[in-house]
Amino acid sequence: MDRTTQTKKTQPERLNGVRGMNDVLPADEPLWRRFEDAVAGTMRAYGYSQIRTPIVEHTRLFVRGIGEVTDIVEKEMYSFTDSLNGEDLTLRPENTAGVVRAVIEHSLLYDGPKRLWYAGPMFRHERPQKGRYRQFHQVGAEALGMAGPDADAEVILLCQRLWDELGLEGVRLEINSLGASHERRAHREALIGYFEAHRDALDAEAQRRLHSNPLRILDTKNPAMQALAEQAPRLIDYLGPESLAHFERLQGLLRSQNLPFRINPRLVRGLDYYNLTVFEWVADVGGTALTVCGGGRYDPLVEMLGGKPAPACGFAIGVERVLELMRARGDAAAQPQCDVYVVHQGDETLDSALQAAERLRDAGLDVILHCGGGSFKSQFKRADTSGAQLAVIVGADELARGEASVKWLRSGQAGVAGPQQSVAIDRLAEVVVEAIVANQDNPEDPGQ
Ligand code: HAM
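Quick caveat, the model's predicted, so the values are computed rather than measured.

A. Seen up close, the sheet that holds strand S1 (residues 49–50). Taken together, eight strands build an open sheet; the order of strands is S1-S5-S6-S11-S10-S9-S7-S8 and the sheet is mixed. Every other strand in the sheet has two partners, leaving S1 and strand S8 (262–263) as the edge strands with one partner each. Sheet topology places strand S7 (residues 172–177) next to strand S9 (residues 275–285); six bridges connect them, and they run antiparallel. In the sheet register, Arg172 faces S9, and the bridge partner there is Val282. Across the sheet, helix H6 (residues 149–165) lies against strand S5 (114–123), strand S6 (135–144), S7, S9, strand S10 (288–297) and strand S11 (312–318), angled at about 20 degrees from S11, the strand it touches most. Across the sheet, helix H10 (residues 241–256) lies against S7, S8, S9 and S10, angled at about 160 degrees from S7, the strand it touches most.

What follows is the structure, encoded as structure tokens:
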């Protein structure tokens, strides 16, 4: 028998995450936090309350809400049958349907309109690439019970305020109107007639959609069909006076707030619940134009999901795409920060070190206590990479005198920068807080 195979231990297989589903590592956390804080503040500024709905919903909610002949429902949903009770369930690919379901189920519109927002993971089985993932995050807002273009303008202004808050420039607004259903029907007939007359020029997907969802052919990514799509009958020419008035009032409101926009007559959105206003915010992410936010009015949805008819509009932001913009702007992920790293001399000093760390935390400081022993030198190395401003040293001799030491840390010069100062252990928290406050006021002069 081969001796190497005889002695070789089989390693357990290393497990990786699912393709297109990413870990958010601690180094990225400050960037996420900055984004989430800006979102929470902006939503509050417009009177939106947060709603948290489940990640798993009944599959038929999305089939009915998003539409049977859409990319999402046809090929992108993570659907499964619950083996315990046979229910058909789906990981939410978006959250407008879920929010509307919750609004109806809990009669949230009983006392008037509601402004709601949400944040969380969504799931779509798409081909992963930069800015496109199978698990991604959305932040969305839904304004329910308001029919006028004022609500449309409000959700758009909210987005602009968020871009400003995050310091993002170059996020461009595109708008369009999808009109009312009878107007879309008339346009649809005209579209079918037009595409039928050019049947030879249609690709397989367009042929398949010709009668089920011809509007989506306008959204084609196929370069060979661009000219055909551009020449197609325009929905805007089929809008009646009411739809046009809504669209024009919205444009007037945006102009009055000096918010620039472009009318994109081919903007149709990939979900079937929209009517009247639709919009997208587009930005260049690493050289490619990507939609960082999409939304619009979806007046038919509440009734389609079994509620009393109620108008609504809203949007969802692709969080990963906005974070990419923030990164490109130079909002690098910051080093994790803490205030104090406590080093100590091993088992005989551990009780006191633990106690000192707790008292420092009582004083409102963020503290890492060194665990796992080791020399002072190796502990200082850890202290340096922790991002702490100060090290507290609990040594046996000092402890016998009722003292500990405080030492300033400077990145890259572990344990050598800044003076070391002995402090009575019962005054430790007070001295450390004072030193940190003084250093904030005069950062050039640590420890003075
Ligand atoms: P949506 O256009 O499907 O709309 O998605 C909104 C945004 O989510 C997109 O603009 C994009 O930034 C981001 N996104 C979508 N799919 C992915 C993906 N695979 N990877 C990364 N980011 C992605 C909706 O979901 C509607 N519920 C928006 C809405 C709310 N309409 C009215 N209210």
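B. Representation of the site of the ligand in the model. Near the ligand you find 25 residues, and of these Glu94, Thr96, Glu126, Glu142 and Tyr274 are the closest. One of the side-chain nitrogen or oxygen atoms of Gln138 is found 3.0 Å away from an oxygen atom of the ligand. At the level of elements, S6, S10 and S11 are the ones that each hand at least two residues to the shell around the ligand. Among the elements that line the shell around the ligand, the one with the most residues is S10, at five residues. Residue composition of the shell around the ligand, grouped by class: ten nonpolar, eight polar and seven charged.

C. Inspection of helix H5 (residues 96–105) at higher detail. Of all ten residues that make up H5, eight are buried, and the element is covered over most of its length. The set of residues buried in H5 consists of Thr96, Ala97, Gly98, Val99, Val100, Arg101, Ala102 and Val103. Following H5 by one or two positions, Ser107 has its phi on the positive side, about 45 degrees.

D. Molecular detail of a negative patch on the surface. A cluster of like negative charges, contributed by Asp347, Glu348, Asp351 and Asp397, occupies part of the molecular surface. Sort the elements by how many residues they give to the negative patch and helix H13 (residues 347–362) lands first, with three residues. Within the element layout of this structure, Asp347 appears in helix H13. By relative accessible area, which is 68% here, Asp347 ends up exposed.

E. Structural detail: the domain arrangement of the protein. Each assigned domain of the protein is listed with its residue range as follows: domain 1 (26–179 + 239–328) and domain 2 (340–437). When each unit is reduced to the centre of its C-alpha atoms, the spacing between domain 1 and domain 2 is 48 Å.

F. Representation of the nonpolar core within the structure. If you look at the biggest cluster of nonpolar residues, it comprises 46 residues, and the most contacted ones within it are Leu144, Phe195 and Tyr298. In terms of residue count, H5 provides more of this core than any other element does, five residues in total. When residues no more than four places from it in sequence are discounted, the contact partners of Tyr298 are Thr96, Val100, Glu142, Leu144, Tyr273, Tyr274, Asn275, Ala312, Cys313 and Gly314.

Conventions adopted
Residues numbered from 1 in each chain as written. Predicted model: local features only at pLDDT ≥ 70, side-chain atom pairs only at ≥ 80, totals over all residues. Heavy atoms only, no water. Pairing = 2+ DSSP bridges. Helix = DSSP H or I, 4+ residues; strand = E, 2+ residues; numbered from the N terminus. Contact = heavy atoms within 4.5 Å. Axes fitted to C-alpha atoms, helices over the stretch in contact; angles between N-to-C directions. Near = heavy atom within 4 Å. Polar contact = N/O pair within 3.5 Å; in protein donor to acceptor, adjacent residues only side chain to side chain. Nonpolar A, V, L, I, M, F, W, Y, C, P; charged D, E, K, R; others polar. Buried < 20%, exposed > 50% of the residue type's maximum accessible area, 1.4 Å probe, protein only. Patch = residues over 30% accessible without salt bridge, like charges linked within 9 Å, V, L, I, M, F, W, Y side chains within 5 Å. Areas by Shrake-Rupley, 256 points an atom, 1.4 Å probe, with all protein chains shown as cover. Salt bridge = Lys/Arg side-chain N within 4 Å of Asp/Glu carboxyl O. Lys, Arg positive; Asp, Glu negative; His and termini not counted. Charge placed at Lys NZ, Arg CZ, Asp CG, Glu CD. Domains from an automatic or database assignment. Core = buried A, V, L, I, M, F, W, Y, C linked by side-chain atoms within 4.5 Å.

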